[in-house]
Amino acid sequence: MSTTLTFAMPRDEVIAQIGNVFWPVPDGAPLLHVTNDEGITDGGVVIYPTPGQPGYLWWLVDGVIPPQAAGDVTAELAEQIPGSVLELPPPPDENPTPPN
């Protein structure tokens, strides 16, 4: 089982690290909502999958991990962060209404 560490940073500094490609969050992107005991909403979440080895950093903004250069937001990522909830975009409409 992995270990996680959440730390706080000013929101504007986190957004500067994420960059304008990933913030604001692109429409239809999966999001990972993170609740932690410290009440941290802006900062980072470091996941240590193997004790004693380097971890992976994911940026946290407004209590959400958006897509970022570290990779895609997936169910596997959600499993590694206690208290997180994955929000997937709705599937595309297979039978869209034709224009008039």
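Residues numbered from 1 in each chain as written. Predicted model: local features only at pLDDT ≥ 70, side-chain atom pairs only at ≥ 80, totals over all residues. Heavy atoms only, no water.

**Regarding the pairing of strand E3 (residues 43–48)**
Quick note on the threshold: In this scheme, a residue with accessible area under 20% of its type's maximum is buried, one over 50% is exposed, and one in between is partly exposed, where area comes from a 1.4 Å probe on protein chains only. A helix here means a DSSP run of H or I that spans at least four residues, while a strand means a run of E at least two residues long, and both kinds are numbered starting from the N terminus. If DSSP finds at least two bridges between two strands, the strands pair.
Counted residue by residue, E3 has five buried out of six residues, so it is predominantly covered. Examined bridge by bridge, strand E1 (residues 3–8) and E3 share six bridges and lie antiparallel to one another. Residue pairing in the sheet places Thr6 in a bridge with Val45 of E3. As judged from the five bridges shared by E3 and strand E4 (residues 56–60), these two strands associate in the antiparallel manner. Of the residues in E4, the one forming a bridge with Gly43 is Leu60.

**Things to note about the sheet that holds E1**
Let me state the cut-off plainly: Fitting a line to C-alpha atoms yields each axis, with helices limited to the stretch in contact; the angle taken between N-to-C directions then spans 0 to 180 degrees.
In spatial order, the strands read E1-E3-E4; together these three strands make up an open sheet with antiparallel pairing. The open sheet has two free edges, formed respectively by E1 and E4, since each of these has just one partner strand. Averaged over all pairs of adjacent strands, the angle between their axes in this sheet comes to 20 degrees, without regard to strand direction.

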